[in-house]
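Summary of the model geometry
Each chain, written out:
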Amino acid sequence: MIKYFLLLFVGVSLLSSCNKEERYSKRWMQKEVMSGEWQVSEITVDGVSETVIPTLRIDDCDIYADTCTGQWITGDNSADFIWQFQDKGKEFVLYRRDGADCCDFITDISEIQCYNYSGNYEVIKAKKKEMSFESNTTVGYEGSTVKLVLTRKE
């Protein structure tokens, strides 16, 4: 009988727990407690740091019904992107939205960065105030290790 209740408790616990995609998405968008903005504290490509550091503003969305969006902001310029956590929170996808398909046609640093850093990232850390992602498959740096470290802007 004890084994039955233990098994039932474990099963209910597993079914009732939030999935990581939803949990990480809520942390990413969380505006009720803190700002919906993230300051990029580090962008590196094969260990070389980017000199122009953006802020990411995240829009609220229903992750199951909407295409979730945000803005990549540098100075007075911005570029729109779409984002999503996938694979039980192990993967983060960020892609520049709209605009030209190649950097040859754009001159705004926000658009260029957002385009080059678009890709599928492995989630390294997904805490309330800090997130970090790594990728070898970004659009602008295919085959190079790109690391993004973000801190929630308060």
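One structure accompanies this document, and this report is about it. (Residues numbered from 1 in each chain as written. Predicted model: local features only at pLDDT ≥ 70, side-chain atom pairs only at ≥ 80, totals over all residues. Heavy atoms only, no water.)

1. Some remarks on the pattern of salt bridges
Evaluation of the coordinates by the stated rule reveals four salt bridges. Between Glu111 and Arg96 there is a salt bridge, with its nearest N and O atoms 2.5 Å apart. Placement of Glu111 in helix H3 (residues 109–116) and of Arg96 in strand E6 (residues 91–96) is noted, with a sequence separation of 15 residues between them. Across the pair, Arg96 and Glu111 agree in class, each one buried. Ionic pairing is found between Glu130 and Lys125, a salt bridge with its closest N-O pair at 3.3 Å. Salt bridges sharing partners connect three or more residues here, namely Glu37, Arg57 and Lys153. (Salt bridge = Lys/Arg side-chain N within 4 Å of Asp/Glu carboxyl O. Helix = DSSP H or I, 4+ residues; strand = E, 2+ residues; numbered from the N terminus. Buried < 20%, exposed > 50% of the residue type's maximum accessible area, 1.4 Å probe, protein only.)

2. Concerning the environment of Asn120
With respect to the helices and strands, Asn120 occurs in strand E7 (residues 119–126). Residue Asn120 is classed as partly exposed on the basis of its relative accessible area of 29%. Sequence separation between Asn120 and Phe85 is 35 residues, and the spatial gap between their C-alpha atoms is 9.6 Å. Not counting residues up to four positions away in its chain, the partners in contact with Asn120 are Glu91, Phe92, Val93, Tyr95, Ser135 and Thr137. Of note is the side chain of Asn120, whose polar atom sits 2.9 Å from the side chain of Glu91. (Contact = heavy atoms within 4.5 Å. Polar contact = N/O pair within 3.5 Å; in protein donor to acceptor, adjacent residues only side chain to side chain.)

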